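Residues per chain are reported as follows:
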Amino acid sequence: MSWFKREDGEFPASGGPGAENGSDAAAKTVRTEGLWIKCLGCRQTIFKADLDANLNVCPKCQHHFKLGARQRIEKLLEPGYELVDGGLRSTDPLNFVDVKPYKNRLSDAREATGLDDAILNAVGLLGPHPVILSAMEYSFIGGSMGAVVGETIARAVDRARLDRKPLIVVAASGGARMMEGVVSLMQMAKISTALAQLDDARVPYICVLTDPTTGGVTASFAMLGDLNIAEPGALIGFAGPRVIEQTIRQKLPEGFQRAEFLLEKGFLDAVVPRRNLKSYLIRALDFMKVSEVA
Ligand SMILES: [Zn+2]
C-alpha cells in the first residue's frame, strides 16, 4: 500500500509550456524554478524579479543579460507603438538538413519565442521622436540573419526613408544563417543598398550593438550607422578569436572584441549602459533632427 494515493489527473503530468494555460490544477501549482538566476558576470545568485526590474542588468556587477526583441521595444518606445512588417516566414530554399531539418528548427524556434523569425519591426515614439525601430531576437536560432531577417530590416529601412523617420536597429546576432547559405549572404548587400539610399535621403540611422553582434551582421548593417553604439561588455566581431589567431599567428590582446576595446580602437562611437540607452538615443535624435525634405 502506498503512503500517498494520487487520483489520476489530479496533477498535470508534465509542466510543459502548454500546460500552464487555462488549467486550474496548473494555476494552483507554486512554481519555484526560475525564481533565481546565477549571474554570468559575478557568479552570484540574483533574484529574477530584481533582474527584471533592472532592465535585465545584474544589480550587483552590471552584467548586461540579453534582452528579447519584444522587451527591447517595450523598454525603448512609448506605449501605443505598432508592430509592423510581420508575417514573413522562411521558405527553407535549400531544403537544408544538418543534425535535424531546418524546417523543424524553424518551427521549434517559432514555438519557443512566439515570433516568425529573429526580428521585430515597430513604429512609435522614442521620447518625443517618431522612429522606426527594428529589434533582433537572439533566442531565435541565435538571432541569425536569413531571408526573413534581411527582408524585414530592408523594409524598416525603406519605411524610415519614405516616412522620413530616423531608423534605430538593435542588433543581437550570431551572423548570417548558414541554413540559408548564399541567400543569407545576399541580405548583407540588400540592406546595405537600402541604407545607402537612406543616407542619400539624409535620414539618420543609429545602430545599437548588443551582446553578441558577430559575422555578417557586423559586416553589414550593424557597422553602417551614422552612430554606432554598444552596450557594455557586448561581444562584437566578425570571425571568432580562434580563427583570427590562427590566421594572423599572433596572440590576441585582453578584452579583444568587447565593446570597450572597440570603442578605444575607434570602431564604436560610444558604450552606453542599458539604463541610459533611451535618454542617450533621445539626445542623439535631438541633435540629428530630420528635415522635412531631402
Ligand atoms: Zn552580476
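Keep in mind that what you see is a predicted model, and the values were worked out from it rather than measured. (Residues numbered from 1 in each chain as written. Predicted model: local features only at pLDDT ≥ 70, side-chain atom pairs only at ≥ 80, totals over all residues. Heavy atoms only, no water.)

Our focus in this paragraph is the overall build of the protein chain. For the protein chain, the helix and strand inventory stands at 10 helices and nine strands. Counting across all 294 residues of the protein chain, residues that qualify as buried make up 41%. Of the contacts made within the protein chain by residues no fewer than 6 positions apart, 66% connect residues no fewer than 24 positions apart. (Helix = DSSP H or I, 4+ residues; strand = E, 2+ residues; numbered from the N terminus. Buried < 20%, exposed > 50% of the residue type's maximum accessible area, 1.4 Å probe, protein only. Contact = heavy atoms within 4.5 Å.)

So, on to the environment of Arg283. Position of Arg283 relative to the elements: it lies in helix 10 (residues 274-288). For Arg283, a relative accessible area of 55% gives the class exposed. Spatially, the C-alpha atoms of Arg283 and Gly127 are 9.6 Å apart, while their sequence positions differ by 156 residues.

Once that is clear, we can look at the pattern of salt bridges. Overall, the coordinates contain 16 salt bridges when judged by the stated rule. For Lys66, the salt bridge goes to Asp211, with nearest N and O atoms at 3.7 Å. Taken together, the residues span a long stretch of sequence, with Lys66 in the loop between helix 2 (48-53) and helix 3 (69-76) and Asp211 in strand 7 (residues 205-213) at a distance of 145 residues. Residue Lys66 is classed as partly exposed on the basis of its relative accessible area, which comes to 40%. A relative accessible area of 23% means that Asp211 is categorised as partly exposed. (Salt bridge = Lys/Arg side-chain N within 4 Å of Asp/Glu carboxyl O.)

Two numbers describe how helix 3 lies on helix 10: the axes approach to 10 Å, and their chain directions differ by 55°. With respect to helix 10, the axis of helix 3 lies oblique. For the pair helix 3 and helix 10, the contacting residues are Arg72, Lys75 and Leu76 in the first and Arg274, Leu277, Lys278 and Leu281 in the second. Taken together, the residues that form the contact of helix 3 with helix 10 break down as three nonpolar, no polar and four charged. (Axes fitted to C-alpha atoms, helices over the stretch in contact; angles between N-to-C directions. Parallel < 35°, antiparallel > 145°, perpendicular 65-115°, else oblique. Nonpolar A, V, L, I, M, F, W, Y, C, P; charged D, E, K, R; others polar.)

Let us now look at the coordination of the zinc ion. In this structure, Cys39 (SG), Cys42 (SG), Cys58 (SG) and Cys61 (SG) serve as the protein donors to the zinc ion, at separations of 2.3 Å. Of note, the donors binding the zinc ion are all from one chain and are spaced C-x2-C-x15-C-x2-C. With a gap of 16 residues between them, Cys42 in the loop between strand 1 (36-38) and strand 2 (45-47) and Cys58 in the loop between helix 2 and helix 3 connect regions that are remote in the sequence. What makes Cys58 buried here is its relative accessible area of 0%. (Donors = N, O, S within 2.8 Å, 3.2 Å for Na, K, Ca; no water.)

Counting buried residues along strand 6 (residues 167-173), seven of its seven residues qualify, which places the element largely inside the surrounding structure. Here strand 6 shows a buried face lined by Leu167, Val169, Ala171 and Ser173 and a second buried face lined by Ile168, Val170 and Ala172. Relative to strand 6, strand 5 (residues 129-136) is paired through four bridges, and the arrangement is parallel. Bridge assignment links Leu133 to a residue of strand 6, and that residue is Ile168. On the question of chirality, the crossover connecting strand 5 to the parallel strand 6 by way of helix 5 (residues 147-163) is right-handed. Bridge count between strand 6 and strand 7: six bridges; the pairing is parallel. In the sheet register, Val170 faces strand 7, and the bridge partner there is Val208. What joins strand 6 to strand 7 is helix 6 (residues 181-200), and the crossover it makes is right-handed. (Pairing = 2+ DSSP bridges. Right-handed = clockwise from strand over helix to strand, strands pointing away.)

For the protein chain, per-residue confidence averages 90 on the pLDDT scale, and residues scoring 70 or more make up 88% of the total. Scored below 50 in pLDDT, residues 12-26 shows seven contacts in the model against residues more than four places distant or in partner chains. (pLDDT = per-residue confidence, 0-100.)

A few words on the nonpolar core. One finds Leu126, Leu167, Ile168, Phe221, Ile229 and Leu281 to be the most contacted residues of the largest nonpolar core, which totals 64 residues. Looking at this core, the element that brings in the most residues is strand 6, giving six residues. Other than its neighbours up to four places away in sequence, Leu281 contacts Leu76, Leu126, Ile168, Ile206, Val208 and Ile229. (Core = buried A, V, L, I, M, F, W, Y, C linked by side-chain atoms within 4.5 Å.)

All right, on to helix 3 then. When helix 3 is considered as a whole, its buried residues turn out to be Ala69, Arg72, Ile73 and Leu76. In an axial view of helix 3, the angular spread of the buried residues amounts to 95°, which keeps them on one side of the axis. Here the buried face of helix 3 lies against strand 3 (82-84), strand 4 (119-126), strand 5, strand 6, strand 7 and helix 10. (Arc of directions from axis to C-beta.)

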